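Results of the structural survey
Letter by letter, the chains look like this.
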Amino acid sequence: FDEMIIEVNRSFLLALGFERMKLLGRTMLEARLWEPFQRAEFLRAFNQNRSLKEYSLVLKHYNGSDRPLTVSAQSVEIGATAYVVILAQTQAERPD
């Protein structure tokens, strides 16, 4: 997949302090949401099964601070196009 962000919801924007237009059409690296080593680790884990469940990840808030998240990711195809849907929760949102 090409890693371009095509949609984000309001909760994601609020959790990371971004405006929608600063993310859409860019990759997570271009938006500086994560470091190259984090991308490589995520892709290595994701590519094993084309899915992830409850994967711990630290993304960057717009102000540069770290934001620990737990993500699940799933590969889906719509027509002939493959997408990756990622669901993220901040640590504060996770039930105990």
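Heads up: these notes are all about the structure in this document.

About the cut-offs
Sequence positions are assigned chain by chain, starting from 1 and proceeding in written order. Where totals are concerned, whole chains, interfaces and linings use all residues; where local detail is concerned, this predicted model gives features only for residues with pLDDT of at least 70, and gives and counts side-chain atom pairs only at 80 or more. Neither water nor hydrogens contribute to the side-chain values; these are computed over all heavy atoms in the structure. The aromatic pairing rule takes the rings of Phe, Tyr and Trp, using the six-membered ring of Trp, and pairs them if the centres are within 6.5 Å, calling planes under 30 degrees apart stacked, those over 60 edge-to-face and the rest tilted. The helix count covers DSSP runs of H or I at least four residues long, the strand count covers runs of E at least two residues long, and both are numbered beginning at the N terminus. For every residue, the accessible area (1.4 Å probe, protein chains only) is compared with the maximum for its type, and the residue is labelled buried under 20%, exposed over 50%, or partly exposed between those bounds. Two distance rules govern patches: like charges are joined within 9 Å, and nonpolar side chains (Val, Leu, Ile, Met, Phe, Trp, Tyr) within 5 Å, applied only to residues with over 30% relative accessible area and no salt bridge. In short, Shrake-Rupley with a 1.4 Å probe defines the accessible areas, and a residue's cover is counted only from the protein chains shown. Each salt bridge in this description consists of a side-chain nitrogen of Lys or Arg and a carboxyl oxygen of Asp or Glu lying within 4 Å of one another. Any two strands with at least two DSSP-identified bridges between them are counted as paired. By the convention used here, residues are in contact when the closest approach between their heavy atoms is within 4.5 Å. Lines fitted to C-alpha atoms define the axes, with helix axes restricted to the stretch in contact, and inter-axis angles between N-to-C directions lie between 0 and 180 degrees. Here the term cavity refers to a set of points on a 1 Å grid, laid over the protein atoms alone, in which a 1.4 Å probe fits but cannot get out; the term pocket refers to an open set having protein on both sides within 12 Å along at least five of seven lines, with lining residues being those that place an atom within 4 Å of a point. Grid points are joined across faces, edges and corners, and a volume is the space filled by probe spheres set on the points. Only Asp, Glu, Lys and Arg are considered charged in this grouping, and only Ala, Val, Leu, Ile, Met, Phe, Trp, Tyr, Cys and Pro are considered nonpolar; every other residue, Gly among them, is considered polar.

Turning next to the packing of aromatic side chains. Where two aromatic rings form a pair, the distance of their centres and the angle of their planes describe that pair. Here the structure, examined in full by the defined rule, presents four aromatic pairs. Where Phe 18 meets Tyr 62, the ring centres are 5.2 Å apart and the plane angle is 80°; that geometry is what we call edge-to-face. Separated by 44 residues along the polypeptide, Phe 18 in the loop between α1 (10–16) and α2 (36–49) and Tyr 62 in the loop between β1 (51–60) and β2 (66–78) bring together distant segments of the chain. Assessed through its relative accessible area of 10%, Phe 18 is described here as buried. Both rings, one in Trp 34 and one in Phe 42, keep their centres 5.4 Å apart while their planes meet at 55°; by these two values the pair is tilted. Summarising the burial analysis for this pair, Trp 34 and Phe 42 share the class buried. Ring pairing ties together the aromatic residues Trp 34, Phe 42, Phe 46 and Tyr 55, which thus form one cluster.

Another aspect to go through is a nonpolar patch on the surface. Residues Met 4, Ile 6, Ile 78 and Tyr 83 make up a contiguous nonpolar surface patch of roughly 390 Å² in combined accessible area. Assessed through its relative accessible area of 57%, Ile 78 is described here as exposed.

Okay, the pairing of β2 next. Relative to β2, β1 runs antiparallel, the two sharing eight bridges. Along β2, the bridge assignment pairs Lys 60 with Asp 66. In this sheet, strand β3 (residues 81–90) lies alongside β2 in antiparallel orientation, the contact comprising 10 bridges. For Val 76, the partnering residue across the bridge sits in β3 and is Tyr 83. Where β2 folds back onto β3 in an antiparallel hairpin, the turn is made up of two residues, including Gly 79, whose phi is positive at roughly 65°.

Let us look at the side chain of Thr 90. Among the structural elements, Thr 90 can be located in strand β3. Look past the residues within four positions of Thr 90 in its chain and what remains in contact with it is Ala 15, Arg 67, Pro 68 and Leu 69.

The next subject is the sheet that holds β2. In space, the three strands of this open sheet follow the order β1-β2-β3, with antiparallel pairing throughout. What marks the edges here is a single partner per strand, and that holds for β1 and β3. For this sheet, the mean inter-axis angle between neighbouring strands, taken without regard to orientation, is 35°. In the packing of α2 onto the sheet, the strands contacted are β1, β2 and β3, and the crossing angle to β1 comes to about 170°.

The computed volume of the largest pocket comes to approximately 920 Å³. Ile 5, Glu 7, Val 84, Val 85 and Ile 86 are the residues nearest the centre of the largest pocket, which is lined by 33 residues in total. Among the secondary structure elements, those contributing two or more residues to the lining of the largest pocket are α1, α2, β1, β2 and β3. When residues of the lining of the largest pocket are assigned to their parent elements, the largest contribution, nine residues, is made by β3. For the lining of the largest pocket, the residue count by class is 25 nonpolar, four polar and four charged.

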